[in-house]
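Tertiary structure, described
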Amino acid sequence: MMRFVLLFVVITSVLADIYMHNPRGSNNRLNEKTQNRANANRLFDSQNNEKGGYNTGDRLDKAAGTNPRLQYSMQYYGSGGGDDETSDLVMEWTNQHGCGDNPVNHCELVVQYMCMDNGTDDTYPQGKPANKASRPVYMRDGTVTQTQGYTGPANNESPADYEKRMKSNRETQITDDRGLHETVWWYDQCKYREANGGLFTADQKLKKDVVGYISATRTRQNPNGQRRGFECPEERDYYPYWLPTLQAENSTESQRTPWIDLAWLGDEAKCDFIQQNSFNQKSRFRCVLSGTRTYGKSINEIDCGKEGGKWVEFNSFLEIIMEAKSESACKDYAKNDDRNNIAWMKLRNDSDLYRCVVQAPLPQCKQAPTTRINHLGNSEIGTEASKLHLALPHFPSKRVKRCVLRIRYNITTMDYNPHITDSRFNNKKDVIENDPEVDVLGNGEPMELALNTAQTGRTFQDRSHVFVILPRTEFMSSRRIHNLNVRGKRGNIVQVYPAVEYDFVPNNLTFGEEDLVHIQWTGSNTHNGDGEGTEGTDRSNFLLMKHSGVNYPKTINESMGFWEGIQSLNHPDALPRDIAIGLATAGFYCGSTNFSTCPNEYSMLNKKEKSTDCDSALIPLL
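Now for a quick tour of the structure. Quantities reported herein were computed from a predicted structural model and do not represent experimental measurements. (Residues numbered from 1 in each chain as written. Predicted model: local features only at pLDDT ≥ 70, side-chain atom pairs only at ≥ 80, totals over all residues. Heavy atoms only, no water.)

On to the overall build of the protein chain. For the protein chain, the count of helices and strands is ten helices and 23 strands. Taken against the 2.2 N^0.38 rule, which gives 25 Å for 622 residues, the C-alpha radius of gyration of the protein chain at 25 Å falls within 12% of a compact globule. Counting only carbon and sulfur atoms, one obtains 49% of the accessible surface of the protein chain, whose full area is about 26,800 Å². A gap of 5 Å separates the mean positions of the 72 positive and 80 negative side-chain charges of the protein chain. (Helix = DSSP H or I, 4+ residues; strand = E, 2+ residues; numbered from the N terminus. Rg over C-alpha atoms; globule rule 2.2 N^0.38 Å. Areas by Shrake-Rupley, 256 points an atom, 1.4 Å probe, with all protein chains shown as cover. Lys, Arg positive; Asp, Glu negative; His and termini not counted. Charge placed at Lys NZ, Arg CZ, Asp CG, Glu CD.)

The next thing to look at is the packing of helix 1 (residues 159-173) against helix 2 (residues 184-192). Their axes nearest at 11 Å, the elements helix 1 and helix 2 cross at an angle of 135°. Classified by the interaxial angle, the pair formed by helix 1 and helix 2 is oblique. The way helix 1 lies across helix 2 gives a crossing that is right-handed. Taking contact as the criterion, the partners of Tyr-162, Arg-165, Met-166 and Asn-169 in helix 1 are, on helix 2, Val-184, Trp-185, Asp-188 and Tyr-192. Here the contact of helix 1 with helix 2 is composed, by residue class, of five nonpolar, one polar and two charged. (Axes fitted to C-alpha atoms, helices over the stretch in contact; angles between N-to-C directions. Parallel < 35°, antiparallel > 145°, perpendicular 65-115°, else oblique. Left-handed = near helix turned anticlockwise from the far one by under 90°. Contact = heavy atoms within 4.5 Å. Nonpolar A, V, L, I, M, F, W, Y, C, P; charged D, E, K, R; others polar.)

In this section: the pattern of salt bridges. This structure, assessed with the given rule, holds 30 salt bridges. Its salt-bridge partner being Glu-157, residue Arg-165 comes within 2.6 Å of it at the nearest N-O pair. Note on accessibility: Arg-165 and Glu-157 belong to one class, buried. For Asp-188, the salt bridge identified is with Arg-165, shortest N-O distance 2.8 Å. With a gap of 23 residues between them, Asp-188 in helix 2 and Arg-165 in helix 1 connect regions that are remote in the sequence. Accessibility assignment for this pair places Asp-188 and Arg-165 in one class, buried. (Salt bridge = Lys/Arg side-chain N within 4 Å of Asp/Glu carboxyl O. Buried < 20%, exposed > 50% of the residue type's maximum accessible area, 1.4 Å probe, protein only.)

Right, let's get into the nonpolar core. By size, the foremost hydrophobic cluster in this structure holds 39 residues, and its most contacted members are Met-91 and Leu-109. Broken down by secondary-structure element, the contributors of at least two residues to this core are strand 2 (18-22), strand 6 (87-95), strand 7 (105-117), strand 8 (260-266), strand 13 (355-359), strand 15 (386-391), strand 16 (401-413) and strand 20 (467-470). Setting aside its immediate chain neighbours within four residues, Leu-109 contacts Ile-18, Trp-93, Cys-99, Ala-263, Trp-264, Leu-265, Ala-368, Pro-369, Ile-407, Arg-408 and Tyr-409. (Core = buried A, V, L, I, M, F, W, Y, C linked by side-chain atoms within 4.5 Å.)

It is worth spelling out the pairing of strand 23 (residues 516-519) at this point. Side chains Leu-516 and His-518 of strand 23 all project onto a buried face; the interleaved residues Val-517 and Ile-519 project onto the opposite face, where all are buried too. Looking at chain direction, strand 21 (residues 481-487) and strand 23 are connected through four bridges and run parallel. When the bridges of strand 23 are listed, His-482 appears paired with Val-517. (Pairing = 2+ DSSP bridges.)

Before going further, it helps to spend a moment on the packing of aromatic side chains. Within this structure, the stated rule accounts for 15 aromatic pairs. Look at Trp-185 and Tyr-295: their rings are 6.2 Å apart centre to centre, the planes differ by 85°, and that puts the pair in the edge-to-face class. Of this pair, Trp-185 sits in helix 2 while Tyr-295 sits in the loop between strand 9 (284-288) and helix 6 (301-306), and the two are 110 residues apart along the sequence. Both residues of the pair, Trp-185 and Tyr-295, belong to the buried class. Site record: aromatic cluster; members linked through ring pairs are Tyr-162, Trp-185, Tyr-192 and Tyr-295. A cation over a ring is seen here: Arg-193 above Trp-186, with NZ or CZ 5.5 Å from the ring centre. A cation over a ring is seen here: Lys-489 above Tyr-54, with NZ or CZ 5.7 Å from the ring centre. (Phe/Tyr/Trp six-rings, centres within 6.5 Å; stacked < 30°, edge-to-face > 60°. Lys NZ or Arg CZ within 6 Å of the ring centre and 35° of its normal.)

Take the state of the cysteines next. For the coordinates displayed, the defined rule picks out six disulfides. Here the bonded cysteines of the protein chain are numbered in sequence order, and their pairing is 1-2, 3-12, 4-5, 6-11, 7-8, 9-10. (Disulfide = S-S within 2.5 Å.)

On the secondary structure map, Thr-56 appears in the loop between strand 2 and strand 3 (57-58). For Thr-56, the contacting residues outside a window of four places in its chain are Leu-30, Gln-71, Tyr-72, Asp-141, His-465, Gly-523 and Ser-524.

Our next topic: the environment of Val-468. Position of Val-468 among the secondary structure elements: in strand 20. By relative accessible area, which is 8% here, Val-468 ends up buried. Remark: the alpha-carbon pair of Val-468 and Lys-401, spanning 67 residues in sequence, is separated by 5.6 Å. Apart from the residues within four sequence positions on either side, Val-468 is in contact with Ser-73, Met-74, Gln-75, Tyr-76, Asn-118, Val-400, Lys-401 and Arg-402.

With that out of the way, let us pick up a nonpolar patch on the surface. On the surface, Val-438, Val-440 and Leu-441 cluster together into a nonpolar patch covering about 260 Å² of accessible area. Checked against the element boundaries, Val-438 lands in strand 17 (residues 437-438). (Patch = residues over 30% accessible without salt bridge, like charges linked within 9 Å, V, L, I, M, F, W, Y side chains within 5 Å.)

Attention now goes to the sheet that holds strand 11 (residues 319-320). One open sheet holds the three strands; their spatial order is 11-13-12, and the pairing between them is antiparallel. At either end of the open sheet lies a strand with only one pairing partner, and these are strand 11 and strand 12 (341-345). Both strand 11 and strand 13 contribute to a ladder of two bridges, which runs antiparallel. When the sheet's bridge partners are listed, Glu-319 is paired in strand 13 with Val-358.

Further remarks concern unusual backbone geometry. For the peptide bond that leads from Asn-22 to Pro-23, omega is -10°, which places it in the cis range. Along the chain, Pro-23 turns up in the loop between strand 2 and strand 3. Put simply, Val-505 and Pro-506 share a cis peptide bond, and its omega is 0°. Among the secondary structure elements, Pro-506 is positioned in the loop between strand 22 (503-505) and strand 23. Within the chain, Asn-28 stands out as a residue other than glycine whose phi angle is a positive 75°. Here Asn-28 is to be found in the loop between strand 2 and strand 3. Owing to a relative accessible area of 0%, Asn-28 belongs among the buried residues under this scheme.

Moving on, we get to the pairing of strand 7. A regular strand places its side chains on the two faces of the sheet in alternate fashion. Burial within strand 7 is extensive, with twelve of its 13 residues counted as buried. Where strand 7 meets strand 16, 13 bridges bridge the pair, whose relative direction is antiparallel. Paired with Cys-115 across the strands is Cys-403, a residue of strand 16. Summarising the sheet, strand 7 and strand 8 pair through five bridges and their orientation is antiparallel. Bridging from a neighbouring strand, Val-111 pairs with Ala-263 of strand 8.

Taking burial as the measure, the nine residues of helix 2 include nine buried ones, the bulk of the element. Taken together, the buried positions of helix 2 are occupied by Val-184, Trp-185, Trp-186, Tyr-187, Asp-188, Gln-189, Cys-190, Lys-191 and Tyr-192. Contacts made by the buried residues of helix 2 are with helix 1, helix 3 (233-237) and strand 9.

Let us now look at the side chain of His-21. Structurally, the position occupied by His-21 is in strand 2. Using a relative accessible area of 1% as the deciding quantity, one classes His-21 as buried. At 2.7 Å, the side chain of His-21 and the side chain of Tyr-54 are in polar contact. For His-21, the residues in contact, after removing those within four places along its chain, are Tyr-54, Glu-92, Trp-93, Thr-94, Arg-487, Gly-488, Pro-498, Ala-499 and Val-500. (Polar contact = N/O pair within 3.5 Å; in protein donor to acceptor, adjacent residues only side chain to side chain.)

Here it is in structure tokens:
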């Protein structure tokens, strides 16, 4: 029998992608000088093309190298407690295989973030004995591209062996110079936890883990259990996840949040279900064991009892207000917060301890932007990229937070309905199978479809680098903040693809007299792109143009009519001309009269280069 390979245009085994452009998505890049990322397994499973992603920002005019304090993390002011006190961030992305009102696939997009207390310079886990405790929980981009080390459990691991192994993971395997999002405690749970046997795995053969059964590290998309950072593959692939995504045994120490839902984009008919089942305000249960290791195999209450555990209810939190020592004190915080749900409650129902718990609002839920398949470009909304208007979170404690944002893009072919197809349909050829043979010509010589069932329903992902959320100042009270950023990197669209060229985000901004605008961008000194300017640099600046559509900017003198109405909150003594010059030169010049006293972090322009090739940095002007 002759066999042919029949190729067809649909989302099967192609390398598809989702790339976040604002905030800058890493796609697991860090500081590579190469076109391709160095390590696709560094922090998470993106399943994206190796070329995608943006390097982390640099604070000065040289690469940060091995010093994390020379990296630049974007810094946003959070929203306030009032409805009119939003800090608005426009998130932009491109996804390749279509979404929204598209008849050839099912598509859903999930946007989430995770935060913790930012701490101080002393908190960064440098390997000193006093700081070893922060290594396994402190979110960081890292300074090298290797994946964090990890030693997994053996079958029938004793309590003593578990304690020894996890101590080694925390203090030796995990190093301060490697990036970290999820925690080793979270991943070790995943390694022990039994996979959900009710899921559709098609004809993929999931292998048993070293613990003696198929664990949650094995999924239809990850049948061999490949580890990527400390992400749990099962949680990555499915939403909403049925277990709590808490990242630490003691949540109050670092205020390490679980994944917080920001938005779900898909079929609006599902919005009630999505919001009612968001972990933001709906509790989840987990089997808790009484020994040294408090987690085990079971994922339901009956099996948990057989394992000798207790089926415990957990609540999500945005933060825990430790300063509120009583219910009445907690209510005082709640009175001043129209955004979050604040309540005097237990974090888990097996504890007698009450806390003042801040829970995030329910996620946005709306129709996904419509895009066509095999097109990594704009949506149907005119000439704009797929975007989402986000209100950054409000932290009533006024503590500085460090966070990471992720977007997941799930696409499923129309071969089966992903919402009702479960384990009952596994290994059924009439549903779907790997490389099926189809007698297209009816002559007894079938053709083989190049089809991979691990990819017919598939989740892609991108994440931001770590960013910081600052508490509002008193002047910002009752005001709306608009975050004006720069997306893209240097070079033309062919050179930077699948990234994009430079542009402002938002591209058009309308704001009121009492509103504030936070202008901020960053760039990398190990950028591998082409374009004009010093080799390896990634530069932006801010100038008024003569009018839309022309190349020539106004001079500072010509634009002063605009700048006279602008003031800086961060630098209140700065004159309007100082602000204009600082933005035009990206901080190389800090004022109109004295150009030699700029702080180092703003002295970034190479005088030999054109002004349009200014280094990008935080311009802390509101």
